[in-house]
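Structural overview
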Amino acid sequence: MDYDFSFFLVVATLVTGVIWGGYLLVLKSRGEVFDEENEPWLVEYARSFFPVVLIVLLLRSFIAEPFRIPSASMMPTLLIGDFILVNKFAYGIRLPVINKKVIELDDPMRGDIVVFRYPKDPTVDYIKRVVGLPGDRVAYYDKKLHINGVPVNQVSLGRYQGVGQGEDMTGNEHLLEDLTGVEHSILIRNGAASAEGVYVVPKGSYFVMGDNRDNSNDSRYWGTVPEENLVGKAFFIWMSWDWQNEGVGLDRIGTVLK
């Protein structure tokens, strides 16, 4: 069980619901009519907060959840300070806190940007791009990705110009990568050491990598992501605020992720 924000939302919903509902049941057993002016202060607060926390719990657990990007591992697709929305039902409906899937829906596809609970520490959320599906043979060497023996096509877009907290990425090679039909930008730092190897993705797991290939702690280092660790699919930037340098990035608000 994860004692995260969802846990406290569930507790708050239960406590306020029990207080309000219990008060109504007591009134009914006494044959009394609900009178808002004479209700105890504790019941008044419970009645006010219950629908709010219930709606937040339902939206956050089953529809969409907001996240903030804290690192440069997904540059240039996602910048430090981007605020994103994650589709919570893309890969199935899960109960909050216990994370048990109750409704099966779609499976992740190559190219999906996913948020997941870090396998080494499930209390921490990570965001990466899915590059390998169950059964895939993923190879990465000489800074090039190969899927099932086929090299992934890359086209150079020149040198990258970093902004804000990602300014130190300036000069990296900016590439357009075609991940079996999903085109997206990546960054390569030529001359930098990079993890290499061949990896076979086990059943029920996914191989993920950051778009900032030489600045990403991903499946090359700690292995694959089990299906049960998936949180959802990132799909939208609703705010971008680099509080250290650039301020609000108006041009990024409303960006649909791919």
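What comes next concerns the included structure. Computed from a predicted structure; not experimentally measured.

**Some thoughts on the packing of helix α1 (residues 5-30) against helix α2 (residues 41-63)**
Between α1 and α2, whose axes approach to 8 Å, the crossing angle comes to 140°. Viewed along their axes, α1 and α2 adopt a mutual orientation that is oblique. By crossing handedness, the relation of α1 to α2 is classed as left-handed. For the pair formed by α1 and α2, the contact residues are Phe5, Ser6, Leu9, Val10, Ala12, Thr13, Thr16, Gly17, Ile19, Trp20 and Tyr23 on the first element and Leu42, Val43, Ala46, Arg47, Phe49, Phe50, Val53, Leu54, Val56, Leu57 and Arg60 on the second. When its residues are assigned to classes, the contact of α1 with α2 shows 16 nonpolar, four polar and two charged.

**Notes on the sheet that holds strand β11 (residues 173-179)**
On the basis of which strands lie adjacent, the open sheet formed by three strands has the order β10-β11-β12 and antiparallel pairing. Two strands lie at the open edges of the sheet, namely β10 (153-159) and β12 (182-188), each paired on one side alone. Each neighbouring strand pair of the sheet contributes to a mean axis angle of 25°, computed without reference to strand direction.

**Quick word on the packing of aromatic side chains**
One pass over the full model with this rule turns up 12 aromatic pairs. Summarising the aromatic geometry, the rings of Tyr118 and Tyr126 are spaced 4.3 Å apart at their centres and angled 5° between planes, so their arrangement reads as stacked. Just above the ring of Tyr140 sits the side chain of Arg220; from NZ or CZ to the centre is 5.0 Å.

**A short note on α1**
Taking 1.5 Å per residue as the helical rise, α1 with its 26 residues ought to reach 38 Å, and the 38 Å between its terminal C-alpha atoms agrees with that figure. When α1 is considered as a whole, its buried residues turn out to be Ser6, Phe7, Leu9, Thr13, Thr16, Tyr23 and Leu27. Summarising the contacts, the buried residues of α1 are in contact with α2. Once α1 ends, the next one or two residues include Gly31, with phi positive near 75°.

**Observations regarding the pairing of strand β2 (residues 82-87)**
Burial runs high along β2: five of the six residues are buried. Sheet topology note: the strand β1 (residues 64-68)/β2 ladder contains five bridges and is antiparallel. Across the sheet, residue Ala64 finds its bridge partner in β2, namely Asn87. Sheet analysis places β2 next to strand β16 (residues 230-242), joined by six bridges and oriented antiparallel. From the neighbouring strand, Val86 faces β16, where its bridge partner is Ala234.

Calculation notes
- Residues numbered from 1 in each chain as written.
- Predicted model: local features only at pLDDT ≥ 70, side-chain atom pairs only at ≥ 80, totals over all residues.
- Heavy atoms only, no water.
- Axes fitted to C-alpha atoms, helices over the stretch in contact; angles between N-to-C directions.
- Helix = DSSP H or I, 4+ residues; strand = E, 2+ residues; numbered from the N terminus.
- Parallel < 35°, antiparallel > 145°, perpendicular 65-115°, else oblique.
- Left-handed = near helix turned anticlockwise from the far one by under 90°.
- Contact = heavy atoms within 4.5 Å.
- Nonpolar A, V, L, I, M, F, W, Y, C, P; charged D, E, K, R; others polar.
- Pairing = 2+ DSSP bridges.
- Phe/Tyr/Trp six-rings, centres within 6.5 Å; stacked < 30°, edge-to-face > 60°.
- Lys NZ or Arg CZ within 6 Å of the ring centre and 35° of its normal.
- Expected span 1.5 Å × (residues − 1).
- Buried < 20%, exposed > 50% of the residue type's maximum accessible area, 1.4 Å probe, protein only.

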